[in-house]
Amino acid sequence: MAVRAKSINPVVIFGGSAALLFVALLTVGPLIALWMRADVSTRLSGSNWSAIRFTVFQATLSAIISISLAIPVARALARRQFRGRALLLTLLGAPFLLPVIVAVFGLLAVWGRSGFVSQLLIASGGERISIYGLTGVLLAHVFFNLPLVARLILQGWGQIPAEHFRLAAQLGMRPADVFRRLEWPMLRGILPGAFLLVFLLCTTSFAVALALGGGPKATTIELAIYQALRFEFDLGKAALLGLVQFSICAIVAFWSLRAAVNANFGGGLSGAVKHWDASSQVLLWQDRLVLLGVSAFLGAPLVAILIRGVPSLGNLPVTVWPAAVNSVLIALSSAALSVFLALSLAAMIDLLKSRDSRLSSTVEGFGMLTLAASPFVLGTGLFIVIHPVADPFALALPITALVNAAISLPLTLRALLPALQRQRLVYGKLADSLGMSSWVRFRVAIWPEIRRPLGFSTGLAAALSMGDLGVITLFAPPNVETLPLVMYRLMGAYRIEDAASVGLVLVSLTLTMFWIFDRGGRLGHQS
Amino acid sequence: MDISLNKFLVAQKGFSLAADWTISDGITAIIGPSGGGKSTLLLAIAGFVEVSSGELLFDDRNMTDSAPEDRPVTLLFQENNLFPHLTVFQNTALGVRADLKLSKADTERVTETLESVGLANMNDRHPSELSGGQRQRVALARAVLRDRPVLMLDEPFAALGPALRHEMLDLVARIQQQQSSTVLLVTHNPDDAMRIAERTVLVADGVAAESMPTANLLDNPPATLIEYLGNKKGPE
């Protein structure tokens, strides 16, 4: 019997192409604008070079510190079963959803000049510490990335077969042997990708640099772009710096895609496996200390926000409500756009896979392109594009939503594509053989498979957009605000209690939004 | 070596396994429905699963709470017996020294043992380059080098075809004779038991029964075993 060629669904191809074109315009467009506008004749100044050096230096250091601390944390979690383990795993997921400015506030409340640690030091006859500059940037980056890397490595530990630990115990391997024969080979597979991922996130984390960096010694490239655009209004220089930033990120992103780290933000972290080599009391106490340490490091800033914010929740500044509406609107529209783009692209990638796998990979690569373009670079490019035709400041909110959608696209695409492909693998032949119509097929086979990742990635995209303090700072006129911006401005004005209460509102809205979507995807879902 | 389980009980969530018997040198098969606790029995004897109550004795030494490495036991799993990034030689040599610091005599011994299980000139290969049967041969070579009085195998040849499986079973029988060890072999195939095991333990419904001569057990199977095996003979 001849196999009937599957008909190409025109809707999928049309939708996918439109999405592709849109993403291309949104990423390549601003880059071309930067390229054309970049003032190559003016060489980079000394301070520009020091910004470039600082960016690379702090990102490298952040990645090294995050990874070195994440390894013992992941190991302790991998080999100890204790009450509260699930809670600690949740805590490890929290920083990723936490708006940057809120985390910075929490870190300052603990480590800042009038923070908890400083007060403790003064009480014991020491001096205040100040974390502005490199220390603060590193602290914040480790706060965000240590948990991320710990979760990545924990998955690696989970992939070592239980038999291998039993074998090691039976053969009488010492902890050093177990590390060398079992754990190091696993780490060697995971760490390069983790390093590049953290490096990338730390070169593009504008809000951290804005809040904790600055000055001649601690200015990142993105901060320099911000200054060039908003204070000097030197578009040529901003464009040039944007290209530098993009080049650095593109190189790192290219590497990291090749290192192909499976960044599963969704969790699915298995239970602890008994490691017999770790049964000594010394190692038990070592793990306890590590876990206590990381819980305090991650938990203290969160508690600090609560302590500072709750008392003044009663008299929130009036600017909060319009800003909250703006934030929610931006978050919802950017999440919707991101997921829509991801679905269109994923459907096309999936369809192309069986016909032309290279074309399919190219489309997938395009979807990941925004991983390399920092929101800030895209924002700068868009600013330059829009500037001659319209007032960019009047378009602050739509542009923020647009850029945020582009930025979360790699995450949503990575969440949705595997589900769609699994669906084809599992049900494709069956559905074809039953002659299912597209609609029936969607309802019976596709929807049940994608609703969970769909809910999760919508929630994730909304949460990330909600906490954005990047593009909005470039575009926002004084009278238009989002919640993170309100909070940042309050902190700048030393209205700490007000900032804390706004932070609480921001966190609550962010987590609620994530929870609703994530939960919605799971409702009525078996296992 | 005798293995004695005295009022032995492993209890976990919704699962328990009881045993109260002794087995001696020679090959004993362990048979029974899946999920019945065959693997758990081996894991508990090897020290990987906690015993809830009762005692585990090797000859007359009580080792109920001993660490896995102190027990006179080698356990072979169904898979993942080899470390993927170590060579055949290294994986085998772990049976001599866990830190792989070998003397010249050790090195020769490892190579000879590999030859004796039919793996000549494979020293530098990695597990991924071996067939399933070859991988289990490496694990058996390591077990030979460890030279523990008890060898336990948890369905080690389940994934192999009949001819190869018979070959491997005969290799196990040979190793047992050379080392006059006590061998426990978990299998779901009664033919395996008939081929090399004088006695067989039936594990079903949370109880590991006292061992019986294999032929007797299979000729007059109790109800639980009939249910598992199906009525092979058909109506007469």
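All of these numbers come straight from a predicted model, not from anything done at the bench.

Asks: Please provide a residue-by-residue account of the interface of chain A and chain B, values included.
Replies: On the side of chain B, 25 residues touch chain A, which itself brings 16 residues to the contact. Of all residues in chain A, A:Gln170, A:Leu171 and A:Arg181 bury the most surface against chain B, accounting for 37% of the area lost on that side. Of the charged contacts, one joins B:Glu69 and A:Arg174 as a salt bridge, the two residues approaching to 3.0 Å between their closest N and O atoms. Linking chain A to chain B there are 7 residue pairs in polar contact (both at pLDDT 80 or more). Within the residue set of the side of chain A that touches chain B, elements represented by two or more residues are α7 (162-171) and α8 (175-203) of chain A. By residue class, the composition of the side of chain A that touches chain B is 8 nonpolar, 3 polar and 5 charged.

Asks: Provide a residue-level description of the nonpolar core, including the pertinent values.
Replies: A:Ile153, A:Trp157, B:Leu41 and B:Leu140 are the most contacted members of the largest nonpolar core, which totals 209 residues. Take this core: its biggest share by element is 14 residues, from helix α6 (residues 134-159) of chain A. In this structure, B:Leu41 is in contact with B:Leu5, B:Phe8, B:Leu17, B:Trp21, B:Ile30, B:Val203 and B:Ala208, ignoring residues within four places of it in sequence. Core analysis: the next-biggest nonpolar cluster, separate from the first, contains 21 residues, A:Leu345, A:Ala346, A:Val363 and A:Leu417 among them.

Asks: Mind laying out a negative patch on the surface, listing which residues take part and the relevant values?
Replies: Residues and elements named next belong to chain B. Residues Asp2, Asp25, Asp59 and Asp60 make up a contiguous surface patch of negative charge. For Asp60, the location among the structural elements is in the loop between β4 (53-58) and β5 (61-62). By relative accessible area, which is 72% here, Asp60 ends up exposed.

Asks: Describe the pairing of strand β1 (residues 3-12) of chain B, with residues and values.
Replies: Residue and element names in this part refer to chain B. Summarising the sheet, β1 and strand β2 (residues 15-23) pair through 8 bridges and their orientation is antiparallel. From the neighbouring strand, Gln12 faces β2, where its bridge partner is Phe15. Linking β1 back to β2 in an antiparallel pair, the connection comprises 2 residues, with Gly14 at a positive phi of about 65°. Two strands pair when backbone bridges link them, and β1 and β4 are joined in this way by 5 bridges, in the antiparallel orientation. The residue bridging Leu5 from the neighbouring strand is Leu56, located in β4.

Conventions used here
Every chain begins its residue count from 1, and numbering advances along the sequence as written. To read the labels, note that chains go from A and ligands from 1, taken in the order they are written. Local features in this predicted model are restricted to residues whose pLDDT is 70 or higher, and side-chain atom pairs enter the listing and the counts only when it is 80 or higher, whereas totals over whole chains, interfaces and linings include all residues. Values reported for side chains reflect all heavy atoms of the structure, with hydrogen atoms and water molecules removed beforehand. In this analysis, two residues are considered to be in contact whenever any of their non-hydrogen atoms come within 4.5 Å of each other. Simply put, the buried area is the total loss of 1.4 Å probe accessible area from both parts when two parts are fitted together. The term salt bridge refers to a pairing of a side-chain nitrogen on Lys or Arg with a carboxyl oxygen on Asp or Glu at a separation within 4 Å. Polar contact criterion, stated in full: a pair of N or O atoms within 3.5 Å, where within protein one must be able to donate a hydrogen and the other to accept it, and residues adjacent in sequence count only if both atoms are side-chain atoms. By the criteria applied, helices consist of DSSP H or I runs no shorter than four residues and strands consist of E runs no shorter than two, each listed in order from the N terminus. Throughout this entry, Asp, Glu, Lys and Arg are counted as charged residues, while Ala, Val, Leu, Ile, Met, Phe, Trp, Tyr, Cys and Pro are counted as nonpolar. The remaining residues, Gly among them, count as polar. In these notes, a set of buried Ala, Val, Leu, Ile, Met, Phe, Trp, Tyr and Cys residues joined through side-chain atoms within 4.5 Å is what counts as a nonpolar core. Any residue under 20% of the maximum accessible area for its type is buried, any over 50% is exposed, and the rest in between are partly exposed; the area is computed with a 1.4 Å probe on protein chains only. Patches in this entry comprise residues that are over 30% relatively accessible and not in a salt bridge; like charges within 9 Å are linked, as are nonpolar side chains (Val, Leu, Ile, Met, Phe, Trp, Tyr) within 5 Å. For the area figures, the Shrake-Rupley method with a 1.4 Å probe applies, and any residue is considered shielded solely by the protein chains shown. Think of it this way: Lys and Arg go in the positive column, Asp and Glu in the negative one, and His and the chain ends go nowhere. Taken as the charge location is NZ of Lys, CZ of Arg, CG of Asp or CD of Glu. Criterion used throughout: strands pair if DSSP finds at least two bridges between them.

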